[in-house]
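Inside the fold
Listed below are the residues making up each chain.
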Amino acid sequence: MPRAAGFSVIEAIVATTMLGVAAAMLAATLGVLRTFRATAEARAASALAAGERVATLARRPCASGDTAGSERLGRAITRWGATRSGAAWSYAESTGAPGGGPALVLEGRVQCPP
């Protein structure tokens, strides 16, 4: 008996299953990329804000008291503090990544103005 043209039921089921698996993998990848993008945006915003705070500290006399604060940057929260240490400020900042990823920690020293 000659074989009919077209796909068998088994071939159609296998093809459909493969398409479903590929679609699920693509959806998972897009979710991971969205999380990476949110983390990168939060870290970039944190780095810009930290640069502004360091510039402010560079103009702040050492006679001023220690300073600290926190703020929301998009979906992330950043906490920072600066303490006087001799003729310089010791600066530290920590920004929690959205989704619970590892925190971005920035630390450094800034000379007090003359």
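The shown structure was predicted, so the numbers you read here are calculated from the model rather than taken from an experiment. (Residues numbered from 1 in each chain as written. Predicted model: local features only at pLDDT ≥ 70, side-chain atom pairs only at ≥ 80, totals over all residues. Heavy atoms only, no water.)

Observations regarding the side chain of Thr78
Put simply, the test is: Helix numbering and strand numbering both begin at the N terminus, where a helix is a DSSP run of H or I of at least 4 residues and a strand a DSSP run of E of at least 2. Relative accessibility thresholds used throughout: buried, under 20% of the residue-type maximum; exposed, over 50%; partly exposed, between the two (1.4 Å probe, protein chains only). Here a polar contact is taken to be a pair of N or O atoms separated by no more than 3.5 Å, where protein atoms must pair a possible hydrogen donor with a possible acceptor and residues adjacent in sequence count only if both atoms sit in side chains. The contact definition used throughout considers only heavy atoms, calling two residues in contact when any of these lie within 4.5 Å.
Positionally, Thr78 belongs in strand E2 (residues 76-85). Thr78 gets classed as buried once you look at its relative accessible area, which sits at 0%. Within the structure, the side chain of Thr78 is placed 2.9 Å from the side chain of Thr95, a separation counted as a polar contact. Once residues lying within four places of it in the same chain are set aside, the contact partners of Thr78 are Ser46, Arg53, Gly69, Ser70, Glu71, Leu73, Glu93, Ser94 and Thr95.

Let's talk about the state of the cysteines
Convention followed: In what follows, a disulfide is any cysteine sulfur pair within 2.5 Å.
Within this structure, the stated rule accounts for one disulfide. One disulfide bridge connects Cys62 with Cys112, the sulfur atoms lying 1.3 Å from each other. Judged by the torsion about the S-S bond (55°), the Cys62/Cys112 disulfide is right-handed. Note that Cys62 is positioned in the loop between helix H1 (9-59) and strand E1 (67-73) and Cys112 in the segment after strand E4 (104-111), a separation of 50 residues in sequence. The same class applies to Cys62 and to Cys112, which are both buried.

A few points about H1
Stated formally: Given a helix with a known number of residues, its expected span is that number minus one, times 1.5 Å.
For H1, which comprises 51 residues, the first-to-last C-alpha distance of 76 Å matches the rise-based estimate of 75 Å (1.5 Å per residue) to within 8%. Among the residues of H1, Ala38, Thr39, Ala42, Ser46, Ala49, Ala50, Arg53 and Leu57 are the ones counted as buried. The secondary structure elements touched by the buried residues of H1 are E1, E2, strand E3 (88-95) and E4.

Brief notes about the nonpolar core
This is how it is decided: Side-chain atoms within 4.5 Å are what join buried Ala, Val, Leu, Ile, Met, Phe, Trp, Tyr and Cys residues into a set we call a nonpolar core.
Membership of the largest hydrophobic core is limited to nine residues, which are Ala50, Leu57, Cys62, Trp80, Ala82, Trp89, Tyr91, Val110 and Cys112. Among the elements of the structure, H1, E2 and E3 are those that each provide at least two residues to this core. The residues touching Val110, leaving out its near neighbours within four places in the chain, are Val54, Leu57, Ala58, Ala88 and Trp89.

Observations regarding the pattern of salt bridges
A pair can form between side chains of opposite charge whenever their charged atoms are brought close. Heads up, the condition is: Definition used for salt bridges: Asp or Glu carboxyl oxygen within 4 Å of a side-chain nitrogen of Lys or Arg.
Per the counting criterion, the structure on display carries three salt bridges. Across the salt bridge formed by Glu71 and Arg53, the nearest N and O atoms sit 2.5 Å from each other. With Glu71 in strand E1 and Arg53 in helix H1, this pair connects stretches of sequence that are 18 residues apart. The buried category is assigned to Arg53, whose relative accessible area is 12%. Among the salt bridges present, the one from Glu93 reaches Arg53, with a minimum N-O distance of 3.0 Å. One end of the pair, Glu93, is in strand E3; the other, Arg53, is in helix H1, and 40 residues separate them in sequence. Each member of the pair, Glu93 as well as Arg53, carries the same accessibility label: buried. Sharing partners across several salt bridges, the network here consists of Arg53, Glu71 and Glu93.

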